[in-house]
Amino acid sequence: MVGTGITRTIRALRLRPGARRGGKDLLELPIRSGPVNVLRQAALRTANLGLTAAYGVYRADPALWRFTARHYHPGLERFARLNAWMICQHASLDVPAYQDHLARHGFEFRWWDLQAYAPTSKDDYVKVYPEEQRCWDGRIEMPGTVVDESSGSSGTPSNWMRSKLELDTVHKNVAGYVSMLFGTEDLFCINAFSMGAWATGTNTGQALAKIAMVKNTGPDLETILNTLRHFGPRHTYLITAYPPFLKHLVDRLEAAGDEFREFRLNGFVGGEAMTEGLRDYVERRFDRVYSGYGASDLTIGMGGETDLTVTLRKALERDTAFRERLLGRDEHRTPMIFQYNPLETYLEVDESGDLIATINSASVMSPRLRYNIGDEARIVSFPEMVSLAEDFPALTGRLKEAYRRQRMKLPFLLLFGRSDSTISYMGANIYPLDVQNGIYRDVGTARLISSFQIELTPVADQEHEHRPTLHIQLRDPSVFPEAALDEAARGRTARAVADGVVAHLAEVSRDFAQSLKEDPSTAEVAVVVHDHGEGPFAEGASKIKDVYLRTTVGADESMEGGAVGRPADADPGQGS
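Just so it is clear, the model here is predicted, and its values are computed rather than measured. (Residues numbered from 1 in each chain as written. Predicted model: local features only at pLDDT ≥ 70, side-chain atom pairs only at ≥ 80, totals over all residues. Heavy atoms only, no water.)

A. Region of interest: the overall build of the protein. In terms of helices and strands, the protein carries 20 helices and 21 strands. In the protein, which comprises 576 residues, the share counted as buried stands at 56%. In the protein, the proportion of contacts linking residues at least 24 apart, taken out of those at least 6 apart, comes to 74%. Per element, the accessible surface of the protein, about 24100 Å² overall, is 52% carbon and sulfur. (Helix = DSSP H or I, 4+ residues; strand = E, 2+ residues; numbered from the N terminus. Buried < 20%, exposed > 50% of the residue type's maximum accessible area, 1.4 Å probe, protein only. Contact = heavy atoms within 4.5 Å. Areas by Shrake-Rupley, 256 points an atom, 1.4 Å probe, with all protein chains shown as cover.)

B. A look at the pattern of salt bridges. One pass over the structure, following the stated rule, counts 26 salt bridges. Taking the shortest distance from any N to any O, the salt bridge between Asp100 and Arg104 comes out at 2.6 Å. Here the residue Asp100 and the residue Arg104 both occupy positions in helix H5 (residues 96–104), the gap between them amounting to 4 residues, near one helical turn. Take Arg104: its relative accessible area is 36%, and that puts it in the partly exposed class. (Salt bridge = Lys/Arg side-chain N within 4 Å of Asp/Glu carboxyl O.)

C. Main features of the packing of helix H4 (residues 76–94) against H5. Running from N to C, H4 and H5 point in directions that differ by 100 degrees, and their axes come no closer than 6 Å. It follows that H4 is roughly perpendicular to H5 by the angle criterion. Where H4 abuts H5, its residues Cys88, Ala91, Ser92, Leu93 and Asp94 lie against Pro96, Tyr98, Gln99 and Leu102. Considered class by class, the residues forming the contact of H4 with H5 number 6 nonpolar, 2 polar and 1 charged. (Axes fitted to C-alpha atoms, helices over the stretch in contact; angles between N-to-C directions. Parallel < 35°, antiparallel > 145°, perpendicular 65-115°, else oblique. Nonpolar A, V, L, I, M, F, W, Y, C, P; charged D, E, K, R; others polar.)

D. Layout of the side chain of Asn360. Positionally, Asn360 belongs in the loop between strand E14 (354–359) and strand E15 (371–380). Setting aside residues no more than four positions away along its own chain, Asn360 makes contact with Tyr55, Ala80, Asn83, Ala84, Ile87, Pro342, Leu343, Glu344 and Tyr346.

E. Structural detail: the packing of aromatic side chains. Under the criterion given, the structure shown has 19 aromatic pairs. Ring plane angle 55 degrees and centroid distance 5.9 Å describe the contact between Phe382 and Tyr403, whose orientation is recorded as tilted. With a gap of 21 residues between them, Phe382 in helix H14 (residues 382–389) and Tyr403 in helix H15 (residues 393–406) connect regions that are remote in the sequence. The rings of Phe188, Phe231, Tyr237, Phe260 and Phe263 are connected pair by pair, giving a single aromatic cluster. The ring of Tyr281 has Arg284 sitting right over it, with the charged end atom 4.1 Å from the ring centre. (Phe/Tyr/Trp six-rings, centres within 6.5 Å; stacked < 30°, edge-to-face > 60°. Lys NZ or Arg CZ within 6 Å of the ring centre and 35° of its normal.)

F. Region of the structure containing the packing of helix H13 (residues 320–327) against H14. Look at H13 against H14: their axes get within 10 Å of each other, and the N-to-C directions meet at 145 degrees. With respect to the hand of their crossing, H13 and H14 are arranged in right-handed fashion. Judged by residue contacts, Phe322, Arg325 and Leu326 of H13 engage Met385, Leu388 and Ala389 from H14. Of the residues assigned to the contact of H13 with H14, the class counts are 5 nonpolar, no polar and 1 charged. (Left-handed = near helix turned anticlockwise from the far one by under 90°.)

G. Just the environment of Ser158, in detail. Summarising the element assignment, Ser158 is placed in strand E5 (residues 158–162). Exposure remark for Ser158: the relative accessible area of 14% places this residue in the buried category. Excluding residues that lie within four positions of it along the chain, Ser158 makes contacts with Lys122, Asp148, Glu149 and Ser150.

H. Representation of helix H3 (residues 62–70) within the structure. Looking only at H3, the buried set comprises Trp65, Arg66 and Ala69. Within H3, the buried residues cover an arc of 95 degrees as seen down the axis, which keeps them to one side. Looking at the buried positions of H3, the neighbouring elements they touch are helix H2 (35–58) and helix H7 (164–182). The opening residue of H3 is Asp61, an N-cap whose side-chain oxygen sits 2.8 Å from the backbone nitrogen of Ala63. (Arc of directions from axis to C-beta. Polar contact = N/O pair within 3.5 Å; in protein donor to acceptor, adjacent residues only side chain to side chain.)

I. A look at the environment of Tyr55. Along the chain, Tyr55 falls in helix H2. Sequence-wise, Tyr55 and Trp65 are 10 residues apart; in three dimensions their C-alpha atoms are separated by 9.9 Å. Residues within four places of Tyr55 in sequence aside, it is in contact with Phe79, Asn83, Leu343 and Asn360.

J. The pairing of E5, seen in detail. Where burial is concerned, most of E5 is hidden: 4 out of the 5 residues are buried. Both strand E4 (residues 146–150) and E5 contribute to a ladder of 5 bridges, which runs antiparallel. Paired with Asp148 across the strands is Trp160, a residue of E5. (Pairing = 2+ DSSP bridges.)

K. A look at the side chain of Thr217. Locating Thr217 in the fold gives a position in the loop between strand E7 (213–216) and helix H9 (221–231). Residue classification places Thr217 among the buried residues on the basis of a relative accessible area of 15%. For Thr217, the residues in contact, after removing those within four places along its chain, are Ile190, Asn191, Ala192, Thr223, Ile224 and Thr227.

L. The arrangement of H14 in detail. Along H14, the positions that sit buried rather than exposed are Phe382, Met385 and Ala389. Along the long axis of H14, the arc covered by the buried residues comes to 60 degrees, so they all point the same way. Where H14 is buried, its residues touch helix H12 (307–318), H13, strand E12 (336–340), E15, H15 and strand E16 (412–418).

Printed below as a string of C-alpha cells:
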C-alpha cells in the first residue's frame, strides 16, 4: 500500500498528456501550481493514503475488526464526511474523468464542502468515460485486478474492475462482519450464490475462507444436502444464498423429515429484499438469518443486518405508532434496515431520496465519488434512533437486549429498494424494457396488448415465496375487435407472453440465464390477462404515462417496498 501510494504521488506531480472523452479532449480544472498549492496537494494525497493505510490496521484480524466496530462513536461521522471530501478533492486532482465531470458541472472549490462536488451515476459518469479515465492517474493496475459484471436491460453487461488491494479490503470487511454475527468456531460455509463473472458468489467464498471452511456449491439443492450428509451435524453451518433459495432449501429439509433436525444451520442472504415472513419461515429450520447490502457498481458488503436492525424492522410491521414515528404516516413500505460504517462508505440522501455513496479509500482503483446507485433510502444516526424509540418502553427493552449481542453504535440505513423501475429477483434485475421486448417477440400476440405492469406476488400454496407476475391489458375491443378473447385464447396469449419474456431475459441477462440453468423454477413467471380498463388498469386512463411497476400491500408482504422500490411511471427503457 505504501509503495503504491508513493508511486501515485510521484505520478501526480507530472504533467499528464491530454486524454479524450468521446472523441473530444477532456476538460481540466484550473488547478493552481504555486509552491503553497503544490504542498497542499501533496499533503492531501499523503493524508488520504495514510488514512487508507490506517483503516487497514483494524482489518488485519477479524477480532480487531469486531473490537473497532463495537467501539465506533457516532461523533466520527463528521470525520467520515471530511474524509469523503478529501477523497473527492483528491480525485479532482488525479482522476481525469472526474476532473472533466466537475468542469462540465461548473465546479467551484470550497473548503470542506462535500456538496461542491457533483454527484456521479452510471448514466452520466460510468457510461461516459472509459475505465482507465475513471482510475487514479488514468491508469489501470493490471496485475491482480478482477473484473466483475452485472447485467442490464440493454443486453450489454456492465463491467466493474476491482484491484487486489480493493478486493482484500472487501474480503476482510465481509469476514469481520460475518464473524461478529456467527462467530468463527467450527464454522462451515456452504456458498449457494450463483458462481460466474458476477461479484457476489466468488467474493463471498473468498471472504469467508478467511474465517471458515468453505464449499462453493452454487444454488444446487442436491449438492448441498449431500454435503450436509457427508460432513454430518458436528459443524456450525452457514448457508449463503439469495433469499428465495433458502426457502427452497427449507422445503427440502422439511421433506426429509428428521434427517437434518440435529444440524445447526444459519443463513446469510443478499441480492434482493427479504420479508420478515420469509425470515420467520426459514428460521423454522435455521437458527438465524441475516441480509447484507452491496452493489456491483459500488462495493460488496456496504452494510449488514444485526439483531438490532432485525428487531427494529419487526417493530415496524407490528407497531403502527412506532412505524409512523420513524417512517411517517403515509409510508406503507417496510424498508430493509442495515447498519453501516461511514468511515468505510460515506452515505448521503439527496433531495429526491436517492442514496449517494462515497467509498472512503484510496485503494479503490476506480474511486466511487458521490455515486448515485439508484436506491431510495433514508439515513438515521444511532442517537436519532435511540431518541425515536424512547417513547416506546416495551420496544426499548427489546432493542437493548438486541443491541447487547453485537454492540455496534453504527448509523442505520433504511433501504426501500431500486428507484429505477426494476424488480430484483434471484439476483437479477427485471426491467420494463425486458418485458416489452419479450412481448414483441410474437407479433401476433403483441398486437392484442395495450399495456402491461410487473409486480412480485406470493406463489399460491407456497407461503412466503414470491415470483414475478406480469399483468397484461388487452386492447379496447370496441376499437380492436380481435382483442375480445375467449378463455382458450387468453391462455394462449399468457403462454406466449411468458415464453417470450423468459426467452428474452435468458438472452440479455447472464444473471437470469445462470439462475435458469441452476434452478429451472426461475422460469415460473405468471401472466394475468385483463380486459381493457379492468383490474390494475382501471385507473390507467387518468395517467399521462403508463405505470410499469405495481406494489402489493399486505399484512406480511413488505417485499414490495424492499425489492420493487418506488412505484414509477418511468420510461420503460430506464435501467442499467
